[in-house]
Amino acid sequence: MHGRDGKSPAKKIGGDREERCLGQVRQVQQYHSIRQCNEEYGDPVEFGCAYFHVSRTAYYAWLSGKLSKRRADNEQLAEKIEQIHTKSPDKGYRRIRDDLEHDYGIHVNNKRVLRICRVKSIQSTIKYRSNGCTRHAANPQYLAENILNRDFYASKPDTKWLTDVTEFKWYEGVEVYKLYLSAILDLYDRRIVSYVIRDRNDNSLVFDTFKKAVAENPDAHPLFHSDRGFQYTNRTFHHMLEEAKMEQSMSRVAHCIDNGPMEGFWGILKRERYYGRRFTSREKLVQMIQDYITYYNTRRVQHNLGVLTPLEKHQLALAA
């Protein structure tokens, strides 16, 4: 039997109960204010309750510590959520939910975490921008077909690698300097296989990134996908791929989505650690990038990986 809104009465009652519990979480903040004003300034409890429109009975029940199990659970959950947000304010409610499961073994759904975040006025601090630094070759020496063709699924590690270069800026007085990051990403576990940071966006930046990946993964012979940047269309680079027994694939012109996961990583890095900040030294910017890639590979859980970090996903595949 369903109500007029199409929802079963049991589900609606459960939802109402959850809303009441979350409303009580909001009231806890008010209770703390009432107690603080009473203890520190001598303000009457009656005045505080009237100001916040809460009952004195409910306030004294909270003060005595007699809470329902559901309400106590929500308060503990809210406390964990605040801890995660304080430590990493860039995280939204979905990533907070993943951290609750991964780090604390707390299994709750996204909606419940979102409601508590709204009660606590918790939201991600990340900002969105869209900037690229791809320089297409005026006269490409070698062009490859788009063999990847947006098939971003990989059944095991080191079968599909993506790569790209992105730009950062740092400031010294009125002078603006640029820094370039070249990286290779594995589509199976989304780990960063290798990366190089340089002051110039040139062939050696890309070549050295590739050599580093091959040196650390000598048995890997993946499909290697990039955009049509001048380094990737260089004949020397194509020969390097052939020597490593890798097949080359390239995005179509003006189709950034063909290299979507790589572009996505740039967006994640910059939204979480770069946008909204002004770096006044090269050393601090380099350290930020290095620290973030280590964090991303070893500590940043991803829902699409089964609430695992890229390195955990990689190690499980190797163990299997």
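Residue numbers run consecutively from 1 along every chain, following the written order of its sequence. Only residues with pLDDT of at least 70 get local features here, since the model is predicted, and only at 80 or more are side-chain atom pairs given and counted; chain-wide, interface and lining totals rely on the full set of residues. Side-chain numbers here rest on the full set of heavy atoms in the structure, without hydrogens or water.

Visitor: What exactly am I supposed to notice about the nonpolar core here?
Guide: Burial of nonpolar side chains together is a common tendency in soluble globular proteins. Think of a nonpolar core as a cluster: buried Ala, Val, Leu, Ile, Met, Phe, Trp, Tyr and Cys residues, connected wherever their side-chain atoms sit within 4.5 Å. In this scheme, a residue with accessible area under 20% of its type's maximum is buried, one over 50% is exposed, and one in between is partly exposed, where area comes from a 1.4 Å probe on protein chains only. In this structure, F168, L181, I192, F265, L285, M288 and I289 are the most contacted members of the largest nonpolar core, which totals 31 residues. Only DSSP runs of H or I reaching four residues or more are called helices, and only runs of E reaching two or more are called strands; each is numbered from the N terminus. Breaking this core down by element, the ones donating at least two residues are strand 1 (160–172), strand 2 (175–186), strand 3 (192–198), helix 9 (260–274) and helix 10 (282–298). Considering each element in turn, this core owes the most residues, eight residues, to helix 10. Formed by 21 residues, the second largest nonpolar core is a distinct cluster that contains F207, A220, Y232 and L241.

Visitor: Can you help me understand the sheet that holds strand 5 (residues 247–250) in this one?
Guide: Strand pairing in a sheet relies on backbone hydrogen bonds. The paired strands run either parallel or antiparallel. If DSSP finds at least two bridges between two strands, the strands pair. The five strands are arranged 3-2-1-4-5 in an open sheet whose pairing can be described as mixed. Since the sheet does not close on itself, it has two edges, and those belong to strand 3 and strand 5, each with one partner. Sheet twist, expressed as the mean angle between neighbouring strand axes with direction ignored, is 25 degrees. Inspection of the sheet shows strand 2 paired to strand 3 by six bridges, in the antiparallel sense. Within the sheet, the bridge partner assigned to L181 lies in strand 3 and is I197. By definition in these notes, contact holds between two residues if any of their heavy atoms fall within 4.5 Å. Axes, fitted as lines to C-alpha atoms, cover a helix only where it is in contact. Angles between the N-to-C directions of the axes lie from 0 to 180 degrees. Set on the sheet, helix 10 makes contact with strand 1, strand 2 and strand 3; between it and strand 3 the angle comes to about 180 degrees.

Visitor: Can you walk me through the environment of V214 in this structure?
Guide: Secondary-structure assignment places V214 in helix 7 (residues 203–216). Through-space distance from the C-alpha of V214 to that of L241 is 9.8 Å; in sequence the pair is 27 residues apart. Filtering out sequence-adjacent residues up to four positions away, V214 remains in contact with A244 and M246.

Visitor: Teacher, can you tell me more about the confidence of the model for the chain here?
Guide: The share of residues in the chain with pLDDT of 70 or more is 86%, and the mean pLDDT across the chain is 86. Of the regions scoring below 50 in pLDDT, residues 8–14 engages in five contacts with residues more than four places distant in sequence or in other chains. Residue-level confidence of the predictor, termed pLDDT, takes values from 0 up to 100.

Visitor: Help me understand helix 10, please; the structure alone is not making it clear to me.
Guide: Spacing of three or four residues puts side chains on the same side of an α-helix, whose turn is 3.6 residues. Here helix 10 spans 24 Å end to end across 17 residues, near enough to the 24 Å set by a 1.5 Å rise per residue. For helix 10, every residue scored as buried is listed here: L285, V286, M288, I289, Y292, I293, Y295, Y296 and N297. Next to the buried residues of helix 10 lie helix 5 (93–104), strand 1, strand 2, strand 3, helix 9 and helix 11 (310–319). What a helix should span is 1.5 Å times the count of its residues minus one.

Visitor: Even after reading the chapter, I still don't get the packing of helix 4 (residues 69–87) against helix 5, so can you show me in this structure?
Guide: Each packed pair of helices is defined by two parameters, the angle between the axes and the distance between the axes. Remark: helix 4 packs on helix 5, axes separated minimally by 10 Å, with the N-to-C direction vectors making an angle of 105 degrees. The orientation of helix 4 with respect to helix 5, classified from their angle, is roughly perpendicular. Judged by residue contacts, L77, K80, I81, Q83 and I84 of helix 4 engage I96, D99, L100 and Y104 from helix 5. When grouped by side-chain class, the residues that make up the contact of helix 4 with helix 5 number six nonpolar, one polar and two charged. Relative orientations are named as follows: roughly parallel for angles under 35 degrees, roughly antiparallel for angles over 145 degrees, roughly perpendicular for angles from 65 to 115 degrees, and oblique for any other angle. Lys, Arg, Asp and Glu make up the charged group, whereas Ala, Val, Leu, Ile, Met, Phe, Trp, Tyr, Cys and Pro make up the nonpolar group; the residues left over, Gly among them, are polar.

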